[in-house]
Every structure is written in structure tokens, then in C-alpha cells.
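Summary of structural features
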Amino acid sequence: MNNDNPWIRAKLQLTKASEKLGLDKLLFSMLSEPDRTIEVSLPIQMENGSIKVFRGYRVQHSNIQGPYKGGIRYHPKVDMDEVKALAFWMTMKNAVVDVPFGGAKGGIAFDPKSLSEIELEKLTRQFSRKLLDVVGAYKDVPAPDMNTNSKIMGWIVDEFKVQSEKLKVKYSEGELRAVVTGKPLEMGGLEGRVVATGFGGAQVLMSMLKKLGKSQKAVPAGRQGLTVAIMGFGNVGRFVAHYLQKMGFKIVALSDSRGGIYVPDGIEDTEEINKYKEEKGFLSGCYCVGSVCGFKNKKKLGGRDIKPDEVLELPVDILVPAALENVITHNNADKIKAKIILELANGPTTLEGDKILNKKGIIVIPDILANSGGVATSYFEWYQNLHERHWTKERVLKKLKEKMEIATNEVYRASLEYKTTLREAAYIQALKRIEKSWRNKNFSSRNSQ
Ligand code: NAD
């Protein structure tokens, strides 16, 4: 891993795409810094009586397209620059997939696995209280991200409700539910949300392969398809593995933070690995304790243990980073053998890493397109809450598939029109859409000064 600052990278990406598009200079300045950054102190009493102080962040990057929208991450490496970059990428991603949201992100810097469930809930509820003034269905709508899930989203919604009642702020039932997405089903969550990012990523890959004229090999069912290695086996990695396998791709390697497995002949059923992790139990009802590298049938399948990062350098057709950012860098990009990279993590490739991949002719399907399935369904959840609707999982996935196909085609077309990489094309496509909304809202240079 390296120290490439994601916020500097995000700004460079914005600059390059803006120049190519000829973006309005005032709009460029607006997007070059977040609208608002929030940093809060979160002291809590631990179960052993000691006091620990945590640091929480929320960055609202832009609301030109609609309410701020973006996940909340729990990880020791969370800091302001990381959250700023992630919020900027949310603005871009929401515009690429065409949902009426702006961009935001948040997080708390700590290792969630070091807290008990009681401590985790206390910390989450305190974070929710500190964000009370700035979140809301029409203001800023958080969602899950790394190390957060529907249970944690449920605590945030509940705390928002309790505090709003205390302060006698009136919201409709729908508005209270729509304050967060990725909730448990019984609190207004969406059927299919949990699989959405992985499912959406698989659809993007299929659509892009068709455009590139490479689809035939992927179609046969069973273990004949293009080979895939996946880094990360959480909310995203687990489901992209499942759906790609169903589509006929051959999943040969998986890894998580503790290690990985490599089975050159293909892993029979990735769901079994998930079952194995679940059998090992959950930590505090929130995090799985097991690891993919502990999979009991590994030897029988002819597989071997690998280190978590080794998954990046295996001889495969498709590599799917679905864990952390900055994992493909100048140190390892040269060793990558995959022909296509499907970026499901946010910001997995550094600037230097990206240059090397481009030089090698590796096709990178960029994060702001590839992982936008999550936020597309977050929009469905938000809409359902506000309009008191309920869609089945089949309907949600059908609508999502259509959305991902349209977004993929638009990015591909932009790459041809502007003779550029898919990454730059995705930024160009996003900026075009944002500029249109901005002009429609009369935010033009003349009117907004
Ligand atoms: P998660 O916490 O559910 O899972 C993360 C996985 O990565 C875990 O399996 C963990 O063990 C693994 N991991 C951590 N460090 C690793 C390492 N060094 N090597 C290999 N594996 C490692 O998180 P998630 O929700 O699946 O998110 C993964 C990525 O996808 C993040 O970058 C996130 O921002 C992005 N993303 C998530 C969503 C979503 O809907 N959850 C949507 C868009 C983007």
C-alpha cells in the first residue's frame, strides 16, 4: 500500500476532466472544495469504565444534483482527506448513474472489531446526535460503507427519531425513514439493497464486455468462463462473487483482511465460503469472525493459501478490488496480469498505478461507474420511503440492471467521443450532467454572483 493522498488525486481527476470538457470555471471552483466539512469529538465510556475519545467526520461535497448522499465508514485509517475524496467521488458517482443526489461521506476513525456491541451502539448513537442538524431526508442521507451495515444504520435512524421528537421537530413517517438508506427491512429498508453493489458491478462488467466485443467467453454457464480474482469478501465482494459465478465467470481467488485462497480450477460455490464464515460466528452481531482463508474445502479443491495482497497479481482475466483504496500502486501495477479491472472499492488505484495500467493496455472500469449500484438502489429506498411504496427484490434488481446498462453505455460512448480512458469518460459524463443541473437551476456564472 502507499500514501497517495486520495483528496489530491480526486482534485487532479476533476481538473483533467474539466479541462477536456471545458467546464464552466465557476462550477469548477464550486466542485474543487466541499460545501461543508464537519469534524466531531465522540467521547464514550467503555464497558470497563474507562473513557475513550473518538473522532468522527462528515463531508458534504455538493448538492447541485440533490440532497447530499454517501456512506459512513468505520476504519482506523479514516481521516479528513480520505472523507473529502470519498464525498467528491459520491458527487461524481451519483451523476454517472443519474440519481438526484449530491455527494457526501462520513466516518469514524477506529477499529470496530475492538469494541463490544454496546460500545459500538453508544458511539454510533452519539455520532448520530452530533450530526442531527445537518442530516435529513432532504438535506443529507447517510448509508453503510466499510464496516457498517443495516444494524448500524438502524441505530442512526432510531436516534434521529428520538432526538427529533425531544426537540419537537415534526417530520412525516416517510421523512423519518428516509433519513438514512441501507436500513433493516422492518425499518423501511429495501429488498435487494444488500446485494446491490455486487449485483450492479456484475451488470456493469457484462455490459462493458459486450461493448468491447468480449462477451462470448463469459456466457457459458459453469466453470468455463473468464477467470476472476476478488480482493475483499464483505458487503460488496461476497455478492459480486455470487453474481459473477451465476453468470458463468470462473472465480479462482478470494481474499479478505486475514488472507485468501487461490483455486486455479475455480471455486465450486462461493456461497459455501460465505456459509463457512458465518458458521464461525459474528462479532457483536455485526462483523463476521471467519476468514475466506479458513475455508475447509480448500485442499480438496486443489487450492492454496495466499496473502491478502497476492490476489492482485494472479494470472486472471478480471481483477476485482472490493476492499480498500490505494491497493494498486506504482509498486505493484507492473505485476498485474489481469486484462480488465473492475473497481468495486472506492479509489483502489493510485494516480501512478493508473498510469502504469494504462500504459500496459489494461482496461479499468472505474469505481464511480462500477460500484454505483449501491447508491442507485439507495435512491430506490429513499423514494419508496417518501412515497410509501414497496418493491419486490425482483423489481429492484430489474430496475437496477437497466440503470447500470444505461450508465455503462453512456460512459463507453463518452470514451469514444472524447478519445479517452473509461475513467476520464466517467468523470466527463458526470460533469456534463452536473453542469446541466446547475444551469437549469439558474446557478449560472451571471446569476449566482
Ligand atoms: P466490508 O467492510 O463489508 O468488507 C470489506 C472487506 O475487505 C472485508 O472482507 C475485509 O476483510 C476486506 N479487507 C480489508 N482489508 C483488506 C486487505 N488488506 N486485503 C484484502 N481484503 C481486505 O466493506 P464493503 O461495504 O464491502 O466495502 C468495500 C469497498 O467497496 C469499500 O471501498 C467501499 O467504500 C466500497 N463500496 C461499498 C458499497 C456498499 O454498498 N457497501 C458501495 C460502493 C462502494
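Here the structure is shown first, and the text comes after it.
Remember, it's a predicted structure, so these values are computed and weren't measured experimentally.

With that settled, the discussion passes to the packing of helix α1 (residues 6-21) against helix α2 (residues 25-32). Orientation of α1 relative to α2, taken along the N-to-C sense of each, is 165 degrees, at an axis distance of 11 Å. With respect to their mutual orientation, α1 and α2 come out roughly antiparallel. Where α1 crosses over α2, the handedness of that crossing is right-handed. Facing α1, whose interface residues are Trp7, Lys11, Leu14, Thr15 and Ser18, α2 presents Phe28, Leu31 and Ser32.

What follows deals with the pairing of strand β2 (residues 51-62). A regular strand places its side chains on the two faces of the sheet in alternate fashion. Note: strand β1 (residues 36-45) against β2, 10 bridges, orientation antiparallel. Bridged to Thr37 within β2 is Val59. Counting the residues that bridge the hairpin from β1 to β2 gives 5 residues, and of these Gly49 lies at a positive phi of roughly 95 degrees. Bridge analysis of β2 against strand β4 (residues 103-108) gives 6 bridges, and the strand direction is antiparallel. Each residue of the ladder has a partner; that of Gln60, found in β4, is Ala104.

Take the layout of surface pockets next. Where empty space is left in the structure can be found by rolling a water-sized probe over the atoms. There is about 290 Å³ of room inside the second largest pocket. Elements with a minimum of two residues in the lining of the second largest pocket: α1, α10 (351-360) and α14 (422-440). It is α10 that contributes the most residues to the lining of the second largest pocket, 5 residues altogether. Grouping the amino acids of the lining of the second largest pocket by side-chain chemistry returns 3 nonpolar, 5 polar and 7 charged.

Lining the immediate environment of the ligand, one finds 24 residues, of which Arg73, Asp145, Thr197, Asn235 and Asn346 sit closest. With respect to the ligand, the side chain of Thr197 contributes an N or O atom lying 2.7 Å from an oxygen atom. Contact between the ligand and Asp256: a nitrogen atom at 3.4 Å from a main-chain N or O atom of the residue. Within the residue set of the shell around the ligand, elements represented by two or more residues are α8 (235-247) and β7 (250-256). Counted by class, the shell around the ligand contains 10 nonpolar, 9 polar and 5 charged residues.

Here we come to the environment of Ser114. Within the secondary structure, Ser114 is located in the loop between β4 and α4 (117-130). Once the C-alpha coordinates of Ser114 and Gly373 are considered, the two residues, 259 residues apart in sequence, prove to be 30 Å apart. Among the polar contacts listed, one links the side chain of Ser114 to the backbone oxygen of Asp111, at a separation of 2.6 Å.

With that out of the way, let us pick up the packing of α2 against α14. Where α2 contacts α14, the axes come no closer than 11 Å and their chain directions differ by 110 degrees. Compared by their axis directions, α2 and α14 come out roughly perpendicular. For the pair α2 and α14, the sense of crossing is right-handed. Each of Leu26, Leu27, Met30 and Leu31 in α2 lies in contact with α14, whose residues at this interface are Leu431, Ile434, Glu435 and Trp438. Split into classes, the residues belonging to the contact of α2 with α14 amount to 7 nonpolar, no polar and 1 charged.

Examined against the element boundaries, Ser128 turns out to sit in helix α4. What makes Ser128 buried here is its relative accessible area of 6%. Not counting residues within four places of it along the chain, the set of residues in contact with Ser128 comprises Ile156, Glu159 and Phe160.

One pass over the full model with this rule turns up 2 cavities of 30 Å³ or more. Roughly 60 Å³ of volume is contained in the largest cavity. In terms of lining residues, the largest cavity is bounded by Ile72, Thr124, Phe127, Ser128, Leu131, Val135, Pro142, Ile156, Phe160, Val179 and Val180. With 3 residues, α4 is the single largest residue contributor to the lining of the largest cavity. Taken together, the residues that form the lining of the largest cavity break down as 9 nonpolar, 2 polar and no charged. The computed volume of the second largest cavity comes to approximately 50 Å³. Residue lining of the second largest cavity: Arg73, His75, Lys77, Val78, Glu82, Leu324 and Glu325, and that is the complete set. Its residues assigned to classes, the lining of the second largest cavity comprises 2 nonpolar, 1 polar and 4 charged.

In space, the 5 strands of this open sheet follow the order β1-β2-β4-β3-β5, with mixed pairing throughout. Strands with a single pairing partner mark the edges of an open sheet, and in this sheet they are β1 and β5 (140-144). Strand-to-strand twist of the sheet, defined as the mean angle between neighbouring strand axes without regard to direction, takes the value 20 degrees. Where strand β3 (residues 68-74) meets β4, 3 bridges bridge the pair, whose relative direction is parallel. Counterpart to Arg73 in the pairing with β4 is Gly107. Contacts between α4 and the sheet are confined to β1, β2, β3 and β4, with β1 contributing the most and set at about 145 degrees to the helix.

Calculation notes
- Residues numbered from 1 in each chain as written.
- Predicted model: local features only at pLDDT ≥ 70, side-chain atom pairs only at ≥ 80, totals over all residues.
- Heavy atoms only, no water.
- Axes fitted to C-alpha atoms, helices over the stretch in contact; angles between N-to-C directions.
- Helix = DSSP H or I, 4+ residues; strand = E, 2+ residues; numbered from the N terminus.
- Parallel < 35°, antiparallel > 145°, perpendicular 65-115°, else oblique.
- Left-handed = near helix turned anticlockwise from the far one by under 90°.
- Contact = heavy atoms within 4.5 Å.
- Pairing = 2+ DSSP bridges.
- 1 Å grid on protein atoms, 1.4 Å probe; cavity = no way out; pocket = protein on both sides within 12 Å on 5 of 7 lines; lining within 4 Å.
- Points joined across faces, edges and corners; volume = space filled by probe spheres on them.
- Nonpolar A, V, L, I, M, F, W, Y, C, P; charged D, E, K, R; others polar.
- Near = heavy atom within 4 Å.
- Polar contact = N/O pair within 3.5 Å; in protein donor to acceptor, adjacent residues only side chain to side chain.
- Buried < 20%, exposed > 50% of the residue type's maximum accessible area, 1.4 Å probe, protein only.

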